[in-house]
Amino acid sequence: MDASDAALFGISAVVASTVVAAVVVAGLLFGFDESVLRPFALLAAEPFAWIVVAALLVAVVGHAYIG
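This paragraph deals with the layout of surface pockets. One number sums up the size of the largest pocket: a volume of about 360 Å³. Around the largest pocket, the lining comprises 15 residues; the ones closest to its centre are Phe9, Ser12, Leu57, Val60 and Val61. Only helix H1 (3-30) and helix H3 (47-66) provide two or more residues apiece to the lining of the largest pocket.

Laid out in structure tokens, this is it:
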């Protein structure tokens, strides 16, 4: 992984953590009803969702190495 790939990976990690933090803050401010927790509950309950997330991660990393 060269410097540009590392920078891209770092930026995507920051964006992902910001999205998770925004969901948690929204839940704290407005209450953790079912609509806020639904994506996390889906990941916890459905193994197929983990397969989709893993496939997306493999596609992104593979694209970075091919490029």
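What follows covers the UniProt feature "transmembrane region" (unreviewed entry) in the protein chain. As annotated in UniProt, the feature "transmembrane region" (unreviewed entry) corresponds to residues 6-30 and 42-66 in the numbering used here. The span residues 6-30 is 100% helix and 0% strand, and its two end C-alpha atoms sit 36 Å from each other. For residues 42-66, the helix share is 96%, the strand share is 0%, and the end-to-end C-alpha distance is 31 Å.

Moving on to a nonpolar patch on the surface. A contiguous nonpolar surface patch, about 350 Å² in accessible area, is contributed by Val20, Val24, Leu28 and Phe40. Top element by residues in the nonpolar patch is H1. It accounts for three residues. Within the fold, Val24 resides in helix H1. Here Val24 falls in the partly exposed class, since its relative accessible area comes to 37%.

Cut-offs used in this document
- Residues numbered from 1 in each chain as written.
- Predicted model: local features only at pLDDT ≥ 70, side-chain atom pairs only at ≥ 80, totals over all residues.
- Heavy atoms only, no water.
- 1 Å grid on protein atoms, 1.4 Å probe; cavity = no way out; pocket = protein on both sides within 12 Å on 5 of 7 lines; lining within 4 Å.
- Points joined across faces, edges and corners; volume = space filled by probe spheres on them.
- Helix = DSSP H or I, 4+ residues; strand = E, 2+ residues; numbered from the N terminus.
- UniProt positions renumbered as here; feature names shortened; annotations may be inferred.
- Patch = residues over 30% accessible without salt bridge, like charges linked within 9 Å, V, L, I, M, F, W, Y side chains within 5 Å.
- Areas by Shrake-Rupley, 256 points an atom, 1.4 Å probe, with all protein chains shown as cover.
- Salt bridge = Lys/Arg side-chain N within 4 Å of Asp/Glu carboxyl O.
- Buried < 20%, exposed > 50% of the residue type's maximum accessible area, 1.4 Å probe, protein only.

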